[in-house]
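Now for the letters of each chain:
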Amino acid sequence: MREPRFAEAESGVCRPFLALVYVKFQIKDAKIKDDKHFLIIWTTTPWTLVANVAVAVHPEMSYVSIKVGEETFFLAQDLSIGYWKIKYS
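Residues numbered from 1 in each chain as written. Predicted model: local features only at pLDDT ≥ 70, side-chain atom pairs only at ≥ 80, totals over all residues. Heavy atoms only, no water.

(A) Region of interest: the overall build of the protein chain. Broken down by element type, the protein chain carries 1 helix and 4 strands. The buried share of the protein chain, reckoned over its 89 residues, is 22%. Relative to all contacts within the protein chain whose residues are 6 or more apart in sequence, the contacts with residues 24 or more apart total 42%. If you sum the accessible surface of the protein chain, you get close to 7,000 Å²; carbon and sulfur atoms cover 57% of it. (Helix = DSSP H or I, 4+ residues; strand = E, 2+ residues; numbered from the N terminus. Buried < 20%, exposed > 50% of the residue type's maximum accessible area, 1.4 Å probe, protein only. Contact = heavy atoms within 4.5 Å. Areas by Shrake-Rupley, 256 points an atom, 1.4 Å probe, with all protein chains shown as cover.)

(B) A look at the pairing of strand β4 (residues 71-76). In the sheet, strand β2 (residues 37-43) pairs with β4 via 3 bridges, with the strands oriented parallel. Following the sheet pairing, His-37 is matched in β4 by Thr-72. By the bridge criterion, 6 bridges tie strand β3 (residues 63-68) to β4 in an arrangement that is antiparallel. Residue Tyr-63 lies in a different strand from β4, and its bridge partner there is Ala-76. Joining the antiparallel neighbours β3 and β4 is a turn of 2 residues, in which Gly-69 adopts a positive phi near 65°. (Pairing = 2+ DSSP bridges.)

(C) A look at the sheet that holds strand β1 (residues 21-26). Read from one edge to the other, the open sheet built from 4 strands follows the order β1-β2-β4-β3, with strand pairing classed as mixed. Each end of this open sheet is capped by a strand with a single partner; those strands are β1 and β3. The sheet shows a mean angle of 30° between the axes of neighbouring strands, direction not considered. (Axes fitted to C-alpha atoms, helices over the stretch in contact; angles between N-to-C directions.)

(D) Layout of the nonpolar core. Phe-38, Ile-40, Val-64, Ile-66, Phe-73 and Leu-75 form the largest nonpolar core, which has 6 residues in total. Mapped onto this core, the elements with two or more residues apiece are β2, β3 and β4. (Core = buried A, V, L, I, M, F, W, Y, C linked by side-chain atoms within 4.5 Å.)

(E) A look at the packing of aromatic side chains. This structure, assessed with the given rule, holds 1 aromatic pair. Ring centres 6.0 Å apart and planes at 65° place the aromatic pair Phe-38 and Phe-73 in the edge-to-face group. Of this pair, Phe-38 sits in strand β2 while Phe-73 is found in strand β4, placing the two residues 35 residues apart along the sequence. Lys-24 extends its terminal NZ or CZ atom over the ring of Phe-38, reaching a point 4.4 Å from the ring centre. (Phe/Tyr/Trp six-rings, centres within 6.5 Å; stacked < 30°, edge-to-face > 60°. Lys NZ or Arg CZ within 6 Å of the ring centre and 35° of its normal.)

Written out as structure tokens, the structure is:
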């Protein structure tokens, strides 16, 4: 599991606690016909979420899909270990 890293501009800031937030973003794609597929991201700067207009994925990273009820979540494989029951599809 990777350790959370702060943005370079925040590296000198003393923080009394770690604000770590996981968020699900609905995937909007013509190939996906329903509204039950989400990309999971995490951030240590949750106050920036209101300005988010896109989520990026790395072309060389591995991702997993996890079915939870009726929803399917996609997240980086390295970040899934220890937090989710992994189900590859």
